[in-house]
Amino acid sequence: MVQEEGSAIVPEITCQEVVQWASAYLDEHVSDEQKRRIVLHLAICAGCETYIQQIATVRDAVRLLPKTEEQPSELHRLRQTLGTRTRRASSGG
Ligand SMILES: [Zn+2]
């Protein structure tokens, strides 16, 4: 007689899957079951626990940074406008 045990147990996930689910997990965009698997894996895998913590730290840092993307493009536009105004005045005539 063969008794198969384990069909009711939540299947474990691999380190690779934890990496794939890292941002979704931090955003809480995972199902309760998925979250449970990740938490279980982090409990037994120090490497993935550190990885998740690092991602969380980086995300927090990025959130605190001010948005300064539009300033450089303004300068760039100004430069281009000045550049197009320069014309050749010495033409054959
Ligand atoms: Zn792992």
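The rules behind these values
Residues numbered from 1 in each chain as written. Predicted model: local features only at pLDDT ≥ 70, side-chain atom pairs only at ≥ 80, totals over all residues. Axes fitted to C-alpha atoms, helices over the stretch in contact; angles between N-to-C directions. Helix = DSSP H or I, 4+ residues; strand = E, 2+ residues; numbered from the N terminus. Parallel < 35°, antiparallel > 145°, perpendicular 65-115°, else oblique. Left-handed = near helix turned anticlockwise from the far one by under 90°. Contact = placed C-beta atoms within 7 Å. Nonpolar A, V, L, I, M, F, W, Y, C, P; charged D, E, K, R; others polar. Core = buried A, V, L, I, M, F, W, Y, C linked by C-beta atoms within 7 Å. Buried ≥ 20, exposed ≤ 12 C-beta atoms within 10 Å, placed from the backbone. pLDDT = per-residue confidence, 0-100.

Asker: Please provide a residue-by-residue account of the packing of helix α1 (residues 15-26) against helix α2 (residues 32-44), values included.
Answerer: One way to put it is that α1 packs onto α2 with a least axis distance of 11 Å and a crossing angle of 120°. Comparing the axis directions of α1 and α2 gives the class oblique. In the crossing of α1 with α2, the sense of the turn from one axis to the other is left-handed. Here α1 contributes V18, W21 and Y25 to the contact with α2, which in turn contributes Q34, K35, I38 and H41. In the contact of α1 with α2, the residues fall into four nonpolar, two polar and one charged.

Asker: Account for the nonpolar core, naming residues and giving values.
Answerer: One recurring pattern in soluble globular proteins: nonpolar side chains tend to sit buried together. Core analysis: the biggest nonpolar cluster contains five residues, these being V18, Y25, I38, C48 and I52. Counting residues per element, the ones that place at least two in this core are α1 and α3 (46-64). Apart from the residues lying within four places of it in its own chain, the contact partners of I38 are I13, V18, W21 and Y25.

Asker: Please set out the confidence of the model for the protein chain residue by residue, giving values where relevant.
Answerer: Across the protein chain, the average pLDDT comes to 81, with 71% of residues at or above 70. The secondary structure element of the protein chain with the lowest average pLDDT is helix α4 (residues 70-85), at 71, and the one with the highest is α1, at 95.

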